[in-house]
Amino acid sequence: MASSANLRPLFAALMTAVVGLAVVGLPYLLQSKTPSAAPTAVAAEPGKSATTSAQPHAWTMFGGDATRNMVNLVEKNPPTDWSVKKGKEKNLKWVARLGSRAYGGPIVADGKVFVGTNNDAPRNPEIVGDKGNLMCFDQATGKFLWQAVHDKLEAGRVNDWPKEGICSTPTVEGKLLYYVSNRGEVVCARTDGLTDGKNEGETTEKYKGPTSADFIWRYDMINTLNVNPHNMSSCCPLIIGDLMYLTTSNGVDAGHLKLPSPEAPSFICLNKKTGKLIWRSNAPGKNIMHGQWSNPCYIESKERAQVIFPGGDGWIRSFEPRSGEELWRFDCNPKDSKYDLGGKGTRSDFIGTPVYADGKIYIGTGQDPEHNEGVGHFWCIDPNGKGDVSPDVVTSAPGVFPPKTKPNPNSKAVWHYGGDAPKADADDLGRDYLIGRTMSTAAIKDGIVYIADLGGYLFALDAKTGKRLWWHDLEGQVWGSPLWVDGKVFIGNDAGVVHIFEAGREKKEPKKIVVGGGAIRSNMTVVDGVLYLMSSQYLYAIETGAKGTIGKE
Amino acid sequence: MRNALGLALAFLWLTSDAHAGDWRTWRGPQYNGVAPDRDLPSKFSEKPGDPNSNLLWKVPYGCRSTPIVMDGRVFMIGDVGEGVNEQERVVCLDADTGKLIWEKRFNIWLVDIVSSRVGWTSLAGDAETGYIYAHGTQGLFTCFDKNGKIIWQRSLIEENGRICGYGGRLASPVIDGDLVILGIVNANFGDQARGANRFLAVDKRTGKTVWWTDTGFQVNDTYQCTPVVGVIGGQRLLVSGGGDGWVHAMKVRTGEMVWSYHLAEKAVNCSPVIDGDIVWIGNGEENFGGNGSQGAVICFNGASLTEKKDPKTGKTWMEPKVLWRVDDVKVMFASPVLKDGRLYVAEETGKLFCFDAKNGTELWNQQYGRAARGSPVWADGKIYITDVNARFVVLQPGDTDCKKLYTHIFRGTGGTVEVNGTPAIANGRIYLPTADNLYCIGKKDHSAEPDKIPAPVKEPAADKDAKPAKLLVYPLDVVLHPGGTEKLEVHSYDDHGRFLGKVEAEWSLPAPPIPPMAKVGPPPLKGTVEKGLLTVDSKLVRQMGPVEASFGGLKARARVRVVPTLPYTEDFEKVPVGAVPGGWVNCAGKFVVEEKGGSKVLRKTTANPNPLLAQVYSYMGLPSYSDYTIEADVMGGRVGDNLPDMGVVANRYTLQLDGASQTVRIVTWDAVPRLDKQIPFKWKEDQWFRFKLTVELKDDKAIIKGKVWPKGTPEPEKWTVEVEDPKPNTEGAPALYGNAIGAIVNQLTPIWFDNIVVTPNKK
């Protein structure tokens, strides 16, 4: 019982999840420059994700495609009016019961919806107690189809926080889905589960009923790589061709100071077909501050293909996708920042995921929400650099604090938003810093970056200059990400409210929909005109004109 | 313990009016978050020179809990200092001016709790004695007089195996009659070997144990709930949420369980409120049996009970009648307020709910912030509440809605100013703590008389001729050296837990309970007990066991621990294989004696990767030991890439070999760490090392010196690692430290210990 955050424990979570619809139009992104020897079409062609060509209308991974940009370029006229209150239902297509918390997904592919949750509303009466559950529902009706169930790790909260369920958002390609379980296993499973009675691949599943999962292979990062996931294993896999990229969640022990496995990798590349390790990197090494709950993204810049990994040391790094050679690294914190548990710590790592848009990388720093709100930094980075491309370099000897620095001639920082607020802004925001620690992944569209912070402010920034266009107080903490769809920006918060903004350089007062039933901590997505929205206990499918009602669920 | 507890208690309640204007417990004079004060401001400003600022004073003493106000003084616990100078402190301020009257600083050691979570308990003040009680981060349970003199102190980690994770959730003490009562999670020896949520009641004047109660259910978590005492169904009961997820009521003077209710799957962290027989409390995470619902507000009739039985274990308990409950309101750390038939509850996400206290009808809810940590306080028709992220909010609750009157955001120090605390209100002033400062807010010309505080429900007096229904041996915890003696008393109580008197009992020394999983239990205590005079054997250097008193068909036990005097040598040869040395604290289940290489050694257990079992200290001496040297043979085993961390402890400093970093370290409070000297030291598995650690106190400093060398080679002349501590730990129990590394069951790195020698330093 280490507490927690203690506190409130948990946190952790983070997770994340999100969603988006694929389709970010970056046609060049995936054409031929994929890293695998025999590139299958990859993650994202406009309008579809590579291996789900039979299902063009889908949202197959965290961020919708490998750029992780939280925009959906396909959907038109998403629902902007609904009620899920019992007896006052409006535009509700269906509702599905989840566990008590749900941070993974929703992912929509192969006619199904996939969600990571826990076992607190058991779908199988024979499986009770705290578990990590990856649930699969029918996309058309919300009917529960099958679930993968993972026991909790015996070490308890230090490696697998109680009740947090599956925090990884799965990636679906064709008839296969990939995710990371709460036990630190990378899982490849069939999208049909065992509903068709065919057990393919590995046959050592613990649960083998018709509503159980069919695992093809599992790769145990704890057993195989000596990874010590801090609180939760949460990565949303990135698949490019035959290769899959993951952060391992390696982090500190229960005492929060010791890193038990400094040699274990933070970033890995697996063969998606076999689950075999291709390369590994422990680049953050002993500088991991807490855990590593963010996700990689993939880019093809004008010079080369790269996989971008956010590290537990607050740096992001680029790797050559096939070899794992480090191309560049960037410190997202000021050199005089310091990691301290609590609201005053100035150095952070990442919960949000890097986004690639218009040839640049965008990411904000953040922490476990259990550490409270605090100062954050949001960056736009040019990915065409080499070596240390941080804004500044340290000139004083190691161990000197605060260190002496000088501007880095190799800096690839395009712009920065964050840090100390000018007085007028500080008075307006009611705090001394601009953007705070964020758990969100950005949505970037039409030259505008939409990003929220944990403190509940949504910012619209000029994507070219970083100039703030506007901000809005969402009046509740934000764990999830904004989603841009057809000129609207959707975002949920801890107060159980969804705000819907008109996208644009001028702020217009948002529409507020009180969803109720607790915090909205995951992301939304829209597929085929249906908005998928998760509270901690329910998955709602919202569709204009639908006449569904809340039943016993 | 002094006589008639019941009478003293009644007296206490009657006299509480004499202390009107005090806020001696964190939830105020009625334990319900309501202040009687009138004419309080609805806003304040920090602007210098603002004539309407309502800020009477501000002083740089931060706190993450709640100040108490007693007899014109404000008392708080918090952290102070940075780096090697970081400590916990209790301060006493003048309630009119904020001027410091006294301050006591304490080191922190041997605990996972990090800087920002230091001092997450509130103090309790006793009107009768003027004493102040503190539960410190490092496990010091301390009684101060009003001038800061320490009346008594216990070290709960070193003597009782108190547990707390890095989150720092700890409960605060509560005073009732002659008792101070504290809930903890602990694991120790004998009948406390199992990790559990236990309540400890001590004599408020001496600190000696009156009773221990184990709630009897599986503990899930550390927890934060501070109990409340009230007369329910004619009995004086202590009501508390627990780390086991239950709500428990126990007789306050005996600790006998009266009722329990399984509310939460994790822990219950908020405090209850009580009005007559009715009890309200909440839960902030998954509800037990709640089909995945998170959070609840629940209302019991604590005098209407039904017997329940767990079909799996056969365990029975009494359950109170649920009058109403509302699910999906996450009541995590903030405790409810009860005022005029309304229950105000702050949800974790910064939303205040108002319920009809009778039936749970929601009257309104109001978003006031982002994240609740501190609790609401009702006063002068307003509700004062904090948001952990730098906000202080004043609300005006109405019949059908709630108005936000004012939001104050604390700024100016960089980052977020955490506001974890709850305001205390006394004498027309609001004492508001942030992580950095204490603010005193009020009207300069305040003179309004407070409301009258309703008299609490009186407990019927005991019939002194009633048949005893419960015995307690006093003191219940006995710690002796070999050959030592202790005079024990037996106190009798009636069936309502009211004190009847002392009785002359029959005495015996029964065998201790057989530990879980063991086939044979430890032997009975070696010694004699005659008419309550216990004398333990003078040749057995360490042992433990119960002393039993019998009277009128009733039995009661004291827990006796015999602690070695120095010098002490331990080669484990007399300990049976599978057992642990008798009288060591927090050893059972974490270490075990086994044969290795023809000798008996103590092995760190390697089955369970839960940090509470994998990373432990086991204490062999008294916390008051000082000026000694500890030596031991220590060997680590490899599993895969992992090596353990292992070492010895003197004066709360650990000398350890660290496996992952391949260093030898001297460290104290390693979660921060306040002091941490590391030297590269290549070492391998399956090699015995000799450890030697000594602490010399000199000129207000400690000089800590350690040596580690391969066993069998000559002891090096020079110390391997040496460090000076300007904030010395002046004493502490000798101990072993083992951190078995690994996340997989049965694949943790083993550690072996042998040939321990603890010797006094030569003068």
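Residues numbered from 1 in each chain as written. Chains lettered and ligands numbered in written order. Predicted model: local features only at pLDDT ≥ 70, side-chain atom pairs only at ≥ 80, totals over all residues. Heavy atoms only, no water.

**Q** Whenever I open this one, the overall build of chain B confuses me. Can you help?
**A** Helix and strand content of chain B: 3 helices and 56 strands. Its C-alpha atoms give chain B principal-axis dimensions of roughly 80 × 65 × 50 Å. Looking at chain B as a whole, 64% of its 763 residues qualify as buried. If you take every contact in chain B between residues at least 6 apart in sequence, the share linking residues at least 24 apart comes to 60%. (Helix = DSSP H or I, 4+ residues; strand = E, 2+ residues; numbered from the N terminus. Buried < 20%, exposed > 50% of the residue type's maximum accessible area, 1.4 Å probe, protein only. Contact = heavy atoms within 4.5 Å.)

**Q** I'm lost on the packing of aromatic side chains in this one. Help?
**A** In this description, an aromatic ring pair is defined by two values, namely the gap between the centres and the angle between the planes. Residues and elements named next belong to chain B. A complete count under the given rule lists 48 aromatic pairs over all chains for this structure. Three or more aromatic residues joined by ring pairs make a cluster, and in this case those are F44, Y384, F392, Y406, F410 and Y439. The ring of W120 carries the charged tip of R64 above its face, separated from the ring centre by 4.2 Å. (Phe/Tyr/Trp six-rings, centres within 6.5 Å; stacked < 30°, edge-to-face > 60°. Lys NZ or Arg CZ within 6 Å of the ring centre and 35° of its normal.)

**Q** When you look at the confidence of the model for chain A in this model, what are you seeing that I'm missing?
**A** Scored by pLDDT, chain A comes out at a mean of 89, with 90% of its residues at no less than 70. Contacts from residues 1-55 of chain A, a stretch scored under 50 in pLDDT, to residues over four places away or in other chains number 217 contacts. (pLDDT = per-residue confidence, 0-100.)

**Q** Please clarify how the interface of chain A and chain B should be interpreted in this entry.
**A** Frequently, the measure chosen for interface size is the accessible area removed from exposure when the parts meet. At the junction of the two partners, chain A supplies 68 residues and chain B supplies 67 residues. Between chain A and chain B we count 10 salt bridges in total. Here R157 of chain A and D221 of chain B are joined by a salt bridge, their closest N and O atoms 2.9 Å apart. Our count for the contact surface shared by chain A and chain B stands at 29 residue pairs in polar contact (both at pLDDT 80 or more). (Salt bridge = Lys/Arg side-chain N within 4 Å of Asp/Glu carboxyl O. Polar contact = N/O pair within 3.5 Å; in protein donor to acceptor, adjacent residues only side chain to side chain.)

**Q** Hey, could you run me through the sheet that holds strand β33 (residues 511-514) of chain A in this one?
**A** Within a sheet, adjacent strands bond to each other through the backbone by hydrogen bonds, running parallel or antiparallel. Ordered in space as β1-β30-β31-β32-β33 (chain A), the 5 strands form an open sheet in which the pairing is mixed. The open sheet has two edge strands, β1 (71-72) and β33 of chain A, and neither has a second partner. (Pairing = 2+ DSSP bridges.)

**Q** What is the right way to look at the sheet that holds strand β1 (residues 55-59) of chain B in this model?
**A** Residues and elements named next belong to chain B. Taken in spatial order, the 4 strands line up as β1-β32-β31-β30 in an open sheet, and their pairing is antiparallel. The open sheet has two free edges, formed respectively by β1 and β30 (424-426), since each of these has just one partner strand. Geometrically, the sheet is characterised by an average inter-axis angle of 15° between neighbouring strands, direction not taken into account. Relative to strand β32 (residues 438-442), strand β31 (residues 429-433) runs antiparallel, the two sharing 5 bridges. Residue Y431 lies in a different strand from β32, and its bridge partner there is C440. (Axes fitted to C-alpha atoms, helices over the stretch in contact; angles between N-to-C directions.)

**Q** Whenever I open this one, the nonpolar core confuses me. Can you help?
**A** Within the largest apolar cluster, 57 residues are counted, with the highest numbers of intra-cluster contacts made by W211, W259, W280 and L343 of chain B. A per-element tally of this core places strand β20 (residues 294-309) of chain B first, with 5 residues. Excluding residues that lie within four positions of it along the chain, L343 of chain B makes contacts with V273, W280, V297, W324, P336, V337, L338, F353, C354, F355 and A357 of chain B. The next biggest cluster of nonpolar side chains, apart from the first, holds 53 residues, and it includes A96, F114, V172 and A541 of chain A. (Core = buried A, V, L, I, M, F, W, Y, C linked by side-chain atoms within 4.5 Å.)

**Q** Just to check I follow, could you spell out the pairing of strand β21 (residues 377-381) of chain A for this structure?
**A** A regular strand places its side chains on the two faces of the sheet in alternate fashion. All names here are of chain A. Summarising burial for β21: 5 of the 5 residues are buried, a large majority. What you see with β21 is no split at all: H377, W379 and I381 on one side and F378 and C380 on the other are buried throughout. The sheet contact formed by strand β20 (residues 360-364) and β21 spans 4 bridges and is antiparallel. Considered in β21, the bridge of Y362 is made with C380. Bridging between β21 and strand β25 (residues 413-418) involves 5 bridges; their strand directions are antiparallel. Across the sheet, the residue bridging to H377 is G418, located in β25.

**Q** Got a minute to help me understand the pattern of salt bridges in this structure?
**A** Pairs can form between side chains of opposite charge whenever their charged atoms are close. The tally for this structure, following the rule as stated, stands at 90 salt bridges over all chains. The closest approach of N and O atoms between R521 of chain A and D494 of chain A, which form a salt bridge, is 2.8 Å. Of the two residues, R521 of chain A sits in the loop between β33 and β34 (525-527) while D494 of chain A sits in the loop between β31 (488-492) and β32 (497-502), which places them 27 residues apart along the sequence. By relative accessible area, which is 12% here, R521 of chain A ends up buried. Looking at D494 of chain A, the relative accessible area reads 3%, which means it is buried. Taken together, the shared-partner salt bridges connect R101 and E164 of chain A together with K266, E285 and E286 of chain B into one network.

**Q** How should the confidence of the model for chain B be read in this particular structure?
**A** The predicted structure's coordinates, where accompanied by low pLDDT, should not be read in detail. All names here are of chain B. This prediction gives chain B a mean pLDDT of 94; 97% of its residues lie at or above 70. Predicted confidence for residues 1-18 stays below pLDDT 50, and this span has 33 contacts to residues more than four positions away or in other chains. For this predicted complex, the interface confidence score (ipTM) comes to 0.91, while the overall pTM stands at 0.92.

**Q** It is not clear to me how unusual backbone geometry should be interpreted in this structure. Could you clarify?
**A** Phi is mostly negative for residues that are not glycine, and the peptide bonds are mostly trans. At the junction of G105 of chain A and P106 of chain A, the peptide bond is cis and its omega measures out at 0° in the coordinates. Relative to the elements of secondary structure, P106 of chain A occurs in strand β3 (residues 102-109). Between L566 of chain B and the following residue, P567 of chain B, the backbone shows a cis peptide bond with an omega angle of 0°. Note that P567 of chain B resides in the loop between β42 (554-562) and β43 (568-570). Unlike most non-glycine residues, A390 of chain B shows phi in positive territory, near 70°. Looking at the element boundaries, A390 of chain B is found in the loop between β27 (382-387) and β28 (391-397). Judged by its relative accessible area of 6%, A390 of chain B is buried. Despite not being glycine, N755 of chain B shows a phi value in the positive range, around 50°.

**Q** Help me understand the environment of D37 of chain B, please; the structure alone is not making it clear to me.
**A** Residues and elements named next belong to chain B. With respect to the helices and strands, D37 occurs in the loop between α1 (5-15) and β1. We classify D37 as buried; its relative accessible area is 6%. On a C-alpha basis, the gap between D37 and A426 in space is 6.9 Å, while along the polypeptide they are 389 residues apart. In contact with D37, other than residues within four places in its own chain, are A379, D380, I425, A426, N427, G428 and P450. A distance of 2.9 Å separates a polar atom in the side chain of D37 from the backbone nitrogen of N427. Looking at D37, its side chain comes within polar contact range of the main-chain nitrogen of G428, at 2.7 Å.

**Q** Just to check I follow, could you spell out the environment of I175 of chain B for this structure?
**A** Residue and element names in this part refer to chain B. By the secondary structure assignment, I175 is in strand β10 (residues 174-176). Taking the C-alpha atoms as reference points, I175 and H408, 233 residues apart in sequence, are found 34 Å from one another. When sequence neighbours within four positions are dropped, the list of residues in contact with I175 reads Y31, A124, G125, D126, Y133, V180 and K204.

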